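Spelled out from the first residue to the last, the chains are:
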There are 2 protein chains.
Amino acid sequence: MAEEVGTRPRRGRRREQTALSQEQIVGAALKLLDADGVDTFSMRKLGAEVGAAATAVYWHVATKDDLLELCVDAVYGEFEVPEITEPPQWREAAVATANSLRSLIQRHPWVATTLAEVGLTYIGPNLMAVSDRMLALYRVGGFGVIEADQASKTVVGFVLGVAGNEAATLTRLKRTGQAVEEWTAKSWPAGEAAAQQHPHLRDLYAAYREREPESDADETFRYGLERILDGLELRLRG
Amino acid sequence: MAEEVGTRPRRGRRREQTALSQEQIVGAALKLLDADGVDTFSMRKLGAEVGAAATAVYWHVATKDDLLELCVDAVYGEFEVPEITEPPQWREAAVATANSLRSLIQRHPWVATTLAEVGLTYIGPNLMAVSDRMLALYRVGGFGVIEADQASKTVVGFVLGVAGNEAATLTRLKRTGQAVEEWTAKSWPAGEAAAQQHPHLRDLYAAYREREPESDADETFRYGLERILDGLELRLRG
DNA sequence: AGCTTGCTTGAACAGTGTGCAATTAAAATT
DNA sequence: AATTTTAATTGCACACTGTTCAAGCAAGCT
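Because the structure is predicted, anything quoted here is derived from the model rather than measured. (Residues numbered from 1 in each chain as written. Chains lettered and ligands numbered in written order. Predicted model: local features only at pLDDT ≥ 70, side-chain atom pairs only at ≥ 80, totals over all residues.)

Here we come to the overall build of chain A. Regarding its fold elements, chain A presents 10 helices and zero strands. For chain A, the succession of helices and strands along the chain, N to C, is α-α-α-α-α-α-α-α-α-α. Evaluated residue by residue, chain A yields a buried proportion of 38% over its 238 residues. Of the contacts made within chain A by residues no fewer than 6 positions apart, 66% connect residues no fewer than 24 positions apart. (Helix = DSSP H or I, 4+ residues; strand = E, 2+ residues; numbered from the N terminus. Buried ≥ 20, exposed ≤ 12 C-beta atoms within 10 Å, placed from the backbone. Contact = placed C-beta atoms within 7 Å.)

This next bit is on the environment of Gly164 of chain B. Looking at where Gly164 of chain B falls in the secondary structure, it is placed in helix H7 (residues 145–176). Each C-alpha atom, one on Gly164 of chain B and one on Trp110 of chain B, is 9.1 Å from the other, the two residues being 54 residues apart in sequence. Ignoring any residue separated from it by four or fewer positions in sequence, one finds Gly164 of chain B in contact with Ala116 and Gly161 of chain A together with Ile105 and Ala112 of chain B.

Counting residues at the interface gives 54 residues for chain B, matched by 53 residues for chain A. Mapped by element, the contributors of at least two residues to the side of chain B that touches chain A are helix H5 (110–118), helix H6 (125–141), H7, helix H8 (191–194), helix H9 (199–209) and helix H10 (216–237) of chain B. Classifying every residue of the side of chain B that touches chain A gives 27 nonpolar, 17 polar and 10 charged. (Nonpolar A, V, L, I, M, F, W, Y, C, P; charged D, E, K, R; others polar.)

On to the domain arrangement of chain A. All names here are of chain A. Partitioning chain A into structural domains gives domain 1 (5–75) and domain 2 (77–237). Contact with domain 1, which involves 11 residues of that partner, is made by 17 residues of domain 2. Elements with a contribution of two residues or more to the side of domain 1 that touches domain 2: helix H1 (22–36) and helix H3 (64–76). With seven residues, H3 is the largest single contributor of residues to the side of domain 1 that touches domain 2. Residue composition of the side of domain 1 that touches domain 2, by class: seven nonpolar, one polar and three charged. (Domains from an automatic or database assignment.)

For the rest of this paragraph, the subject is the relation of the copies chain B and chain A. The two copies are related by a screw operation: chain B maps onto chain A through 180° of rotation and 0.0 Å of translation along the axis, at an RMSD of 0.0 Å. Such values leave the two copies arranged in the relation of a two-fold axis. Taken as a fraction of all interface residues of chain B, those also at the interface in chain A reach 98%, which identifies the copy contact as same-surface. (Least-squares fit on C-alpha atoms with pLDDT ≥ 70 in both.)

Residues and elements named next belong to chain B. For helix H1 (residues 22–36), built from 15 residues, the straight-helix expectation of 21 Å at 1.5 Å per residue is met to within 8% by its first-to-last C-alpha distance of 21 Å. Within H1 the residues assigned to the buried category are Ile25, Ala28, Ala29 and Leu33. The arc that holds the buried residues of H1, viewed along the axis, is 135°, so those residues lie on one side. Away from the buried face of H1 by more than 90 degrees, exposed residues Glu23 and Ala35 are located. Looking at the packing, one finds that the buried side of H1 touches helix H2 (43–49), helix H3 (64–76) and H5. Where H1 terminates, the next one or two residues include Gly37, which has phi positive at roughly 85°. (Expected span 1.5 Å × (residues − 1). Arc of directions from axis to C-beta.)

Here is the structure:
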């Protein structure tokens, strides 16, 4: 009849180790994904990581795509969305939210790729909770139900697009083995030469060359985010 | 029968067909990608499509990733960026540009996935030309060199993020074999039930349920774009 | 005639996701 | 304590992937 198996020894494992669990699998998958990216991630490597046969994973997880969805939802657990009570806190909270999502993608670059394949429509409880808190944020800020959804999707779309491309570029650099400093739009493969036919691109690179090589990416992100929030605020006050 | 010389007999092909070319390969790859997406795309299927051995492709293309980059650049050839001369034309042109990019992604959903893996940093002449024209657009609108870059990246990031997710959702629906109308945030897999614990999500779905099921996605996209352009315009006039 | 160059081929390798029957060991039942 | 049931794991196998490589073929040049 009812088996109230508690938590500890669970069911059976033949030797020293306690049985595999979905949590453990997702944890190991996250470790591999963060370390080597999604391209080189395979079920067999995952099996090796958890010290079991590759196919053992399939008892706890339906398919590789399902596992990836679980992983995506797991990292969404790191997504911090502040809860606010007063309308004036809205903008600051929106900035914090956007930054949190961006740095989450920077920590787990494979998320961007996976999201593009899997979409962010209901994939798990964490994402769901986060979506609810984001909606709350915009509603407190003063947006109506539907418009809060549209506003948050605007910001999230922007962050996903920009941070996703940052991640792709970094992954690409890593793959081709280039140093990050070499980049910054200065010297790059065949670009500088080809840019000569495109006057505005040429001007742009010239302008970037005269700047401190600070982190242009950060600044561009910040610029875009501020513009978007300006536009949204205009709706609130307008 | 026999041979029909397309353009030039070029070098030698042993039988009826003229030799493979990179253009032809990219064309065939696009056909397969548009039809079945990037997941089921393989070099062997491509070989079959062009009527040659799978490995023949490798004479014209270094690697599969390279081929995908060529394909991405090829569809960027469809990206229409109007050329303007007067500042007031800026906003309208920016909208047209954004819409063009979005509908391009809708026609070729695999582009979003591929972009997330490959980045959009120098991948080909078409993208380069388009980038230059986009920069021109914002510069005519009144932005400085660097700021034009930041502004265009903001808009492009938004479009890529939002349209990319639209594409992922559609691909996912297609894969699981659901109809598109069933969606629209109304009834969906395990969502409605799980949403009960999240009051703002519940409100949102309730609100959506009372609307005409027009194309909410279009409206959300349009809303976000307008907010962003509002924010950018504020910078110009501010 | 031969040689060279440009392109194509088939076989082969290492690796992939996953289905399946057989196997284990613990829990439940007798 | 013996037996049955069941959760979990294993190894094998299949079809398929991207890519390498020696070998082959068809034309152009000398």
